[in-house]
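Spelled out, the chains give:
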Amino acid sequence: MKIILMRHGQAEDESRPDSARQLTEYGQQQAAQTADYIMAHYTPDYFVVSPYDRAQQTLAQLQKHAPNVAAVVQDNITPSDDAHAALAELGNIEAECLVVVCHMSIVANLASLLTGNSPESFSLAEARVFEMEFVLAGMANEIDRFVPVQPY
């Protein structure tokens, strides 16, 4: 199975509550680039997303390509949530190619748990692809990553 971990695109400043922050125009472009890459190279069969607005807006770019793929909101993948609990919940999902759209720092901590390596920061709208037999800490190999290019 594959798990694709994706961080949301650039969000507006913190003038709103964190959960209500929206993607900027640039953040929408970043999310669209990453969605294009994922959908050109992989065939997701399940989407999981944070309840925060900017993650939902990032997922919407993926759903433009795959409107019939099931999507579920997972409440414990917000920025400061516990990655162990989040991974345990993700492990209950039956999918061949699962895309998870969430935030720093939980996205880095999830990647770290999957591979057993130290956490490494994700760029905005970055996606990393992990392959494993089943979801278990330390059992995954990173096989691909994509970072959207900045406009000139």
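Quick caveat: nothing in here was measured; it's all calculated off a predicted structure.

A. Here's a closer look at the overall build of the protein. Looking only at helices and strands, the protein has 4 helices and 6 strands in total. In the protein, the succession of α and β elements from N to C terminus is β-α-β-α-β-α-β-α-β-β. The C-alpha atoms of the protein give a radius of gyration of 14 Å, which matches the 15 Å a tight globule of 152 residues would have. If you line up the protein on its principal axes, its C-alpha atoms span 40 × 30 × 30 Å. By residue count, 50% of the 152 residues in the protein fall in the buried class. Pairs at least 24 residues apart make up 66% of the contacts formed inside the protein by residues separated by at least 6 positions. Summing over all exposed atoms, the protein offers an accessible surface of approximately 7300 Å²; the carbon and sulfur share of this is 47%. Positive and negative side-chain charges in the protein, numbering 8 and 20 respectively, have mean positions lying 6 Å apart.

B. Representation of the packing of aromatic side chains in the model. Applying the stated criterion across every chain yields a total of 1 aromatic pair. A centroid spacing of 4.4 Å and a plane angle of 15 degrees characterise the contact between Tyr37 and Phe146, whose relative ring orientation is stacked. In this pair, Tyr37 sits in helix H1 (residues 25–41) while Phe146 sits in strand S6 (residues 141–146), placing the two residues 109 residues apart along the sequence. Residue classification places Phe146 among the buried residues on the basis of a relative accessible area of 18%.

C. Fine view of the sheet that holds strand S3 (residues 71–73). Spatially, 6 strands are ordered S3-S2-S4-S1-S5-S6 in an open sheet, and the strand pairing comes out mixed. One side of each edge strand has no neighbouring strand; the edge strands of this open sheet are S3 and S6. Each strand axis lies, on average, 20 degrees off the axis of its neighbour in the sheet, ignoring direction. Across 5 bridges, the pairing between strand S1 (residues 2–7) and strand S5 (residues 127–131) is antiparallel. Residue pairing across strands places Lys2 opposite Glu131, the latter belonging to S5.

D. Main features of unusual backbone geometry. In this structure, the amide linkage connecting Met104 to the following residue, Ser105, adopts the cis form with an omega of 5 degrees. In this structure, Ala125 is a non-glycine residue whose phi angle is positive, near 60 degrees. Secondary-structure assignment places Ala125 in the loop between helix H4 (106–115) and S5. Residue classification places Ala125 among the buried residues on the basis of a relative accessible area of 0%.

E. Representation of the environment of Asp36 in the model. With respect to the helices, strands and loops of the structure, Asp36 is situated in helix H1. With 52 residues separating them in the primary sequence, Asp36 and Ala88 have C-alpha atoms 29 Å apart.

About the criteria used
Residues numbered from 1 in each chain as written. Predicted model: local features only at pLDDT ≥ 70, side-chain atom pairs only at ≥ 80, totals over all residues. Heavy atoms only, no water. Helix = DSSP H or I, 4+ residues; strand = E, 2+ residues; numbered from the N terminus. Rg over C-alpha atoms; globule rule 2.2 N^0.38 Å. Buried < 20%, exposed > 50% of the residue type's maximum accessible area, 1.4 Å probe, protein only. Contact = heavy atoms within 4.5 Å. Areas by Shrake-Rupley, 256 points an atom, 1.4 Å probe, with all protein chains shown as cover. Lys, Arg positive; Asp, Glu negative; His and termini not counted. Charge placed at Lys NZ, Arg CZ, Asp CG, Glu CD. Phe/Tyr/Trp six-rings, centres within 6.5 Å; stacked < 30°, edge-to-face > 60°. Pairing = 2+ DSSP bridges. Axes fitted to C-alpha atoms, helices over the stretch in contact; angles between N-to-C directions.

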